[in-house]
Amino acid sequence: MTRRPLPVPLRLYRGAASFATVLAPAWLKYRVRKGKEDPARIAERRGITRVERPQGPLIWVHGASVGEIVSILPLVERLQDRGFAILLTSGTLTSSRVAARRAPASVIHQFVPLDAPAFVRRFLDHWKPDLALLAESELWPNLMTELDKRGTAVVLVNGRLSARSAQRWARLPRSARALLSRVDLCLAQTPEDAARFRGLGAPRVQVAGNLKFDVPAPPADASMLARLQAAIGERPVLLAASTHPGEDEYVLEAHGRLRQDLPGLLTIIAPRHPERGGAIRQLAHDAGFAATQRSQAPLPLPEAEVYVADTIGEMGLFYRVAPVAFLGGSLIEHGGQNPIEPAKIGTVVLHGPHVWNFAAVYGRLDEAAGSVPVMDAEDIVRATLDIFFTPGCHERISHAAWQTVENLSGALPRTLAAIEPYLLQIRLEGK
């Protein structure tokens, strides 16, 4: 097999990554202290594992964080049903916990190695995947180079490339083309994503849709849901989901205004990063509101006005008790969070203007009046009062959101059909 040369920027990146290998232990120890790595599994970030590779064909599926892992789990389950062993990797501690809770028990989860040549080689030499399915835009230079050396087929599933990212890559056109030329097939979420991938040099691109639309509604433990509903009783509930620093203040300001019209209001704040739970509780206290954290009290206390949901994998609970939810990452310039899960449950979504990470989804929802744009605390107050007091408002918006999501589903069967030739090739090779 003829190896394709790398452009100078990628060669420099590989050299810098090789040099940085000696600094990796100190960097990983720092991340352990910050609560961002699992100390018992830190070796996996250097490509070291004690888990044996299963016999037979092995498909490697990778998603960077929680959103990607949740979106590819139905694909993982279908592949496992076909008899393939699955190695599932992710890069964050939170995503590993979600995988532990929601992935089939026989799926092997590992942390993806840092993108250093020695670590990636060690990882690939051990696992020897027959096919690599990488979610969204996880095209790390050393990883792609080492997969290319081994002749391992790479499919980008649920491919997403924002206009901002495409503009950045366009400044290094040869590097972008070199990376994307190593992708056998790119399955893009939208025609816009597909055009960006093609423009940067991806040789084979298809539009398969967004796998997130095919993900079932997030689960909720029935007994815990009943306990939570009993603890809340008849209190009105406002949820702020996946908030980022700078947004909790808007939510707390809205809570202060809303409690005059919604006596007994319980505002649940579920931060995107649960380790911020203590800081959010302090913000609530500083604003004069009694607050409790789920990590310290399993149920909201009667006197608590604010309940900080600083746990992992429980959004299904909170969406089911809240008729309306503000989705974070949208009042600050982060790019927004996924609105599909609350739409499937029937929770009305409020969102700020910065939603480019899910621009197509929010565009369709807003067009169908299936979500409510907000700009500040005053807008959150106005929209929440409309949903609680305007007859038929909640039902109209939630149904429009559900219908929009249903109309956009179908990515999973299209993705499976697109990768079928790769699955057949693995079978024919007798691996």
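Located above this text is the structure these notes cover.
Analysis parameters
- Residues take numbers from 1 onward in each chain, read along the sequence in its written order.
- Totals for whole chains, interfaces and linings use every residue, but because this is a predicted model, local features are given only for residues with pLDDT of at least 70 and side-chain atom pairs only at 80 or more, for both listing and counting.
- The basis for every side-chain value is the complete set of heavy atoms in the structure, and neither hydrogens nor water enter the calculation.
- The definition of a nonpolar core used throughout is a set of buried Ala, Val, Leu, Ile, Met, Phe, Trp, Tyr and Cys residues joined through side-chain atoms within 4.5 Å.
- For every residue, the accessible area (1.4 Å probe, protein chains only) is compared with the maximum for its type, and the residue is labelled buried under 20%, exposed over 50%, or partly exposed between those bounds.
- The criterion used for residue contact is that any of the two residues' heavy atoms lie within 4.5 Å.
- Only residues whose relative accessible area exceeds 30% and that form no salt bridge are eligible for patches; like-charged ones are grouped when within 9 Å, while nonpolar side chains (Val, Leu, Ile, Met, Phe, Trp, Tyr) are grouped when within 5 Å.
- Per-residue and other accessible areas were derived by the Shrake-Rupley procedure at a 1.4 Å probe size, with only the shown protein chains allowed to occlude residues.
- Any Lys or Arg side-chain nitrogen located within 4 Å of an Asp or Glu carboxyl oxygen qualifies as a salt bridge.
- Segments assigned H or I by DSSP are reported as helices when at least four residues long, segments assigned E as strands when at least two residues long, and all are numbered from the N terminus.
- Only when DSSP finds a minimum of two bridges between them are two strands counted as paired.
- To get an axis, a line is fitted to the C-alpha atoms, and for a helix only the part in contact is used. The angle between two axes follows their N-to-C directions and goes from 0 to 180 degrees.
- Throughout this description, any angle smaller than 35 degrees is read as roughly parallel, any larger than 145 degrees as roughly antiparallel, any in the 65 to 115 degree range as roughly perpendicular, and the remainder as oblique.
- Working rule for handedness: look at the near helix, and if it is turned counterclockwise from the far one by less than a right angle, call the crossing left-handed; if clockwise, right-handed.
- Residues were grouped as follows: Ala, Val, Leu, Ile, Met, Phe, Trp, Tyr, Cys and Pro as nonpolar; Asp, Glu, Lys and Arg as charged; and all remaining residues, including Gly, as polar.

1. Some words on the nonpolar core
Here is step 1 of the chain: Within the largest apolar cluster, 34 residues are counted, with the highest numbers of intra-cluster contacts made by Trp60, Leu134 and Phe197.
Here is step 2 of the chain: With sequence-adjacent residues up to four places away left out, Phe197 is seen in contact with Glu136, Leu156, Gly159, Arg160, Leu161, Leu180, Cys186, Ala188, Ala202 and Val205.
Here is step 3 of the chain: Grouped together as the second largest cluster of nonpolar side chains are 32 residues, Ile72, Phe84, Ile86 and Ala153 included.

2. Side note on a nonpolar patch on the surface
Here is step 1 of the chain: A contiguous nonpolar patch, built from Phe19, Val22 and Leu23 and spanning about 360 Å² of accessible area, is present on the exposed surface.
Here is step 2 of the chain: Tracing the backbone shows Phe19 in helix H1 (residues 8-20).

3. A word on the sheet that holds strand E5 (residues 153-159)
Here is step 1 of the chain: A sheet is described by the order of its strands in space; here seven strands give the open sequence E3-E2-E1-E4-E5-E6-E7, paired in parallel fashion. Looking at strand neighbours, the two that pair on one side only are strand E3 (108-111) and strand E7 (205-207), the edges of this open sheet. On average, each strand axis in the sheet is inclined to that of its neighbour by 20°, with strand direction left out of account.
Here is step 2 of the chain: When strand E1 (residues 58-62) meets strand E4 (residues 131-135), the two strands line up parallel, connected through four bridges.

4. Section: the packing of helix H11 (residues 248-258) against helix H16 (residues 377-389)
Here is step 1 of the chain: Contact geometry for H11 and H16: axes closest at 8 Å, N-to-C directions at 50°. One element, H11, and the other, H16, form an angle in the oblique class. Our pair here, H11 against H16, has a crossing hand that is right-handed. For the pair formed by H11 and H16, the contact residues are Tyr250, Glu253, Ala254, Arg257 and Leu258 on the first element and Ala377, Glu378, Ile380, Val381, Thr384 and Leu385 on the second.
Here is step 2 of the chain: Counted by class, the contact of H11 with H16 contains seven nonpolar, one polar and three charged residues.

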